[in-house]
Amino acid sequence: MSDTDRILAILGEAKRLAQEYRNLTGKPLGITGEVAEYEAARILGVELTPVRQAGYDAVETRDGNVWRLQIKGRCLLDKCKPGQRLGSIRIEKEWDAVLMVLLDQNFDAVEIYEAEREAVVAVLTAPGSKARNERGAMGVSKFKSIGKLRWRRCAAEPDAAPDRGGR
């Protein structure tokens, strides 16, 4: 079994345990970020960086140029509150774009959006919101409005072919 196969097997078990934990306690287990990174790698083919790489989680080569990607995940449950936010996006770090991986209640990817640095920074530095300005937090709906859909799961095909975003 390859390292990748073993990682996917471990994540599968972690997803199952996280679902059981949420069902028992009503609270998340906190694996969304890791699952989102591996889902982006599996679906889009981005290459994950070593642990604790400052500023970005993955790289992708586009037209001979390397793009540094932050990856943010959000598990959207049925009956979830509107206004869900992503984790902090640090604009002082080096990166080129952010991928937002939306997961269902089973921690399976449903959609992946991408927003380029310029658009993200413009939203996070706009006056008026302490959450945006100080914590780098952005709502899921706002991210969708400034980003581009890279991939969506089809009902008939759980792992539809990705749009690799060739720019």
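Note that the coordinates shown come from a computational prediction; the quantities given were computed from them, not determined experimentally.

Rules behind the numbers
Residues numbered from 1 in each chain as written. Predicted model: local features only at pLDDT ≥ 70, side-chain atom pairs only at ≥ 80, totals over all residues. Heavy atoms only, no water. Phe/Tyr/Trp six-rings, centres within 6.5 Å; stacked < 30°, edge-to-face > 60°. Lys NZ or Arg CZ within 6 Å of the ring centre and 35° of its normal. Salt bridge = Lys/Arg side-chain N within 4 Å of Asp/Glu carboxyl O. Helix = DSSP H or I, 4+ residues; strand = E, 2+ residues; numbered from the N terminus. Buried < 20%, exposed > 50% of the residue type's maximum accessible area, 1.4 Å probe, protein only.

## Section: the packing of aromatic side chains
(1) Moving on: Tallying each qualifying case throughout the model produces 0 aromatic pairs.
(2) Moving on: Taking the ring centre of W67 as reference, the NZ or CZ of R62 above it sits at 4.4 Å.
(3) Moving on: The cationic tip of R117 hangs over the ring face of W95; the distance from NZ or CZ to the ring centre is 4.5 Å.

## A word on the pattern of salt bridges
(1) Moving on: A full pass over the atoms with the stated rule returns 13 salt bridges.
(2) Moving on: Ionic pairing is found between R62 and E114, a salt bridge with its closest N-O pair at 2.6 Å. Here R62 is found in strand β2 (residues 58-62), whereas its partner E114 is found in strand β5 (residues 109-116), with 52 residues between them in sequence. Assigned by exposure class, R62 and E114 land together as buried.
(3) Moving on: With a closest N to O distance of 2.6 Å, E114 and R150 form a salt bridge.

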